[in-house]
Amino acid sequence: MNARRIGAIGAAVALAIGLSACGSDDGGETGTGSGGDSTTSGKKLKIGIKFDQPGLGLKKGTEVSGFDVDIAKYVAKELGTAEGDIEWVQAPSPQRETLISTGQVDMIFATYSITDARKEKVTFAGPYFIAGQDLLVRSDDASITGPDALTGKKLCSVKGSTSAQKVKDKYPGVQLQEFATYSECLPALGTGGVDALTTDDTILAGYAAQEEFKGKFKVVGQPFSEEKYGVGLKKGDVETCTKVNDALKKAFTDGAWQKAIDDNLGPANYKPGPGNPPTPAECV
């Protein structure tokens, strides 16, 4: 009797262990996974995006959308992470380096321009897009064809932005009006309070592509700076950088990159400027 009882207990223990082993691979694993130390070895990813840039990175309720978002989803899929396993994290410009260095995000897609100063703190994959400072004007305005036509015009930008500073330095004849946010410039542009709005052409196209502004604005299409958007990664993570670059190259050739542009910025009749799609730099 005791032997039979002991045998039954042993069988039950073996069954429980077997069920536990079968249930351990549930697709919800996080962390480094087995045999790897890069940020993409596990199936879940924390990706930083902008929450307030229409057409690029926008969060409404639980939904996220935009060009950066679509490229991030594509890259994540190539790295083995399904869309449902992505945690989207807000990445305001001043906080991006901190979010990466402290591990609050695994990577950032947030109109993140690659600069020498930032490369001291962050490893960049890409670039995946080359933007440029441009002008947004009313659709029926043919008088502004580029920055040289701004003399005497009222130009809106954001106080303290590099876009505003560039205009001050290069085009002193402009009547620059600085608002707190770009979204505040749009009503003024629509009513004629200002003649143009300036920042990265992608951001301008994102605003112009919104349903509420459909047909009202256009991007001039004469960029006067170069901004290379990169994917921010933890400093020194060459392994992940290489994988991301491979995914970006695939997106450039299989139509996914162009589709992301058309879906998000196409309603503004936006066309990518020279150098697009770019060639990702070697990871170091």
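Read on for an overview of the structure. Predicted, not measured: the structure shown is a model, and the values here were computed from it.

**With respect to the overall build of the protein**
A count of helices and strands for the protein gives nine helices and 13 strands. Looking at the 284 residues of the protein, the share that counts as buried comes to 45%. Put simply, of all contacts in the protein between residues at least 6 apart along the chain, 69% involve residues at least 24 apart. Of the roughly 14200 Å² of accessible surface on the protein, a fraction of 51% belongs to carbon and sulfur atoms.

**A look at the state of the cysteines**
In total, this model carries two disulfides according to the counting rule given. Bridging Cys156 to Cys185, the disulfide has an S-S length of 2.0 Å. Of note, the bridge from Cys156 to Cys185 carries an S-S torsion of about -70 degrees and is left-handed in sense. On the criterion of sequence distance, the pair formed by Cys156 in strand β9 (residues 154-158) and Cys185 in helix α6 (residues 182-191) is long-range, its members being 29 residues apart. A relative accessible area of 0% places Cys156 in the buried class. You can call Cys185 buried: its relative accessible area is 0%. Each sulfur of the disulfide joining Cys241 and Cys283 lies 2.0 Å from the other. The disulfide joining Cys241 to Cys283 has a torsion of about -80 degrees about its S-S bond and is therefore left-handed.

Reading the values: the criteria
- Residues numbered from 1 in each chain as written.
- Predicted model: local features only at pLDDT ≥ 70, side-chain atom pairs only at ≥ 80, totals over all residues.
- Heavy atoms only, no water.
- Helix = DSSP H or I, 4+ residues; strand = E, 2+ residues; numbered from the N terminus.
- Buried < 20%, exposed > 50% of the residue type's maximum accessible area, 1.4 Å probe, protein only.
- Contact = heavy atoms within 4.5 Å.
- Areas by Shrake-Rupley, 256 points an atom, 1.4 Å probe, with all protein chains shown as cover.
- Disulfide = S-S within 2.5 Å.

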